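Single-letter residue listing:
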Amino acid sequence: MDYLSLFRMPTPMKITGRSSSITNSFINSIIPIIVPIIVPTNEQVKEALDILGMDHDSFQCAYCGATASEWDHLRPLVLNKKPTGYVSEIHNLVPACGKCNQSKGNKPWHTWITSSAKLSPKSRGVSDLNQRIEALHKYEAWLEPTKVDFESVVGKEKWEQHWANWESVQNTMREAQTLATEINQAIAKAYAKL
Ligand SMILES: [Zn+2]
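Note that the structure is a prediction, hence the values are computed from the model and not measured. (Residues numbered from 1 in each chain as written. Predicted model: local features only at pLDDT ≥ 70, side-chain atom pairs only at ≥ 80, totals over all residues.)

1. Digging into the overall build of the protein
Put simply, the rule is: Note on conventions: DSSP H or I runs of at least 4 residues are helices, E runs of at least 2 residues are strands, and numbering of each starts at the N terminus. To sort residues by exposure, count the other C-beta atoms lying within 10 Å of each residue's C-beta; 20 or more gives buried, 12 or fewer gives exposed, and values between give partly exposed, all with C-beta atoms placed from the backbone. The contact rule is simple: place each C-beta atom from the backbone, and if two of them lie within 7 Å, those residues are in contact.
Along its length, the protein carries seven helices and four strands. Reading the helices (α) and strands (β) of the protein from amino to carboxyl end gives α-α-β-β-β-β-α-α-α-α-α. Expressed as lengths along the three principal axes of its C-alpha atoms, the size of the protein is roughly 65 × 60 × 25 Å. The buried share among the 194 residues of the protein stands at 15%. In the protein, once contacts between residues fewer than 6 apart in sequence are set aside, the share between residues at least 24 apart is 68%.

Next up, the structure:
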């Protein structure tokens, strides 16, 4: 019995490994729930599922057809570390599974879906991919998406301060990581069995 093949060392963590989730939180935290624009009606959810050609008894991932567990932003909220202006409204959200949501990240859906990205529908060999792509294009054309202009609403000063805060958190994380690496290496050296 090869017991060693059952063993996996947990992946070491880095403070700077949280960098992009911090960026996402700086963007997600400024996007409000605008009632009634964003909260959908029962009719709108039905219409959404109809456009996606979904049987209302099963709640499927629009990208791959697996059981859906969440609603994913079709147009990403974040691009190049900045908000795109898109928000969480029904016509910018599609039912998705965790695998697709994670694999897609902030990538545009149409390039990601047929890419060889890890866990993408294409790389998982989803058989009705072309039909799904067609439905997603229809979904995208359904209603005009809201595009928020943050800076013009809150003013230049607040907007710049928000990004200065982001920069400062990122710099602190980098400094903290440098010290963490030093500590890590000192401990590794002290405990190394020669
Ligand atoms: Zn999926």
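Having seen it, we continue.
2. Section: the domain arrangement of the protein
How we decide: In this document the domain limits rely on a domain assignment from an automatic tool or a database. Note on residue categories: nonpolar means Ala, Val, Leu, Ile, Met, Phe, Trp, Tyr, Cys or Pro, charged means Asp, Glu, Lys or Arg, and polar means any other residue, Gly included.
Here the protein is partitioned into domain 1 (10-31 + 152-194) and domain 2 (32-147). Between the C-alpha centres of domain 1 and domain 2 there is a distance of 29 Å. Each side of the interface is counted separately: domain 1 has five residues, and domain 2 has seven residues. Of the residues in the side of domain 1 that touches domain 2, the class split is two nonpolar, three polar and no charged.

3. What to know about the nonpolar core
Selection rule: The term nonpolar core means buried Ala, Val, Leu, Ile, Met, Phe, Trp, Tyr and Cys residues held together as one set by C-beta atoms within 7 Å.
Within the largest apolar cluster, 14 residues are counted, with the highest numbers of intra-cluster contacts made by C61, Y63, V94, A96, C97 and C100. Broken down by element, the residue count for this core peaks at three residues, all from strand β4 (residues 93-96).

4. Quick word on the packing of helix α1 (residues 19-28) against helix α7 (residues 156-191)
Formally: Between N-to-C directions, angles span 0 to 180 degrees; the directions come from axes that are lines fitted to C-alpha atoms, helices contributing only their stretch in contact. Oblique is the label for any angle not under 35 degrees, not over 145, and not in the 65 to 115 range, which are roughly parallel, roughly antiparallel and roughly perpendicular in turn. Crossing chirality is assigned from the near helix's rotation relative to the far helix, an anticlockwise turn below a right angle marking it left-handed and a clockwise turn marking it right-handed.
Close contact between α1 and α7 brings their axes to 11 Å; oriented N to C, the two are set at 160°. Of the possible angle classes, the one that applies to α1 and α7 is roughly antiparallel. Crossing angle aside, the handedness with which α1 passes α7 is right-handed. Two secondary-structure elements touch here, α1 through S19, I22, T23 and F26 and α7 through W166, V169, Q170 and M173. Of the residues belonging to the contact of α1 with α7, the class tally is five nonpolar, three polar and no charged.

5. A word on the environment of T41
When you line up the elements, T41 lands in the loop between α1 and α2 (42-51). Since 10 C-beta atoms lie within 10 Å of it, T41 is described here as exposed. Sequence separation between T41 and V154 is 113 residues; the distance between their C-alpha atoms is 29 Å.

6. A few points about unusual backbone geometry
Even without being glycine, N80 reaches a positive phi, approximately 50°. Of note, N80 is situated in the loop between β2 (78-79) and β3 (82-83). One non-glycine residue with positive phi stands out, namely K81, at about 65°. Among the structural elements, K81 can be located in the loop between β2 and β3. Residue K81 is classed as partly exposed on the basis of its C-beta count, with 15 C-beta atoms lying within 10 Å.

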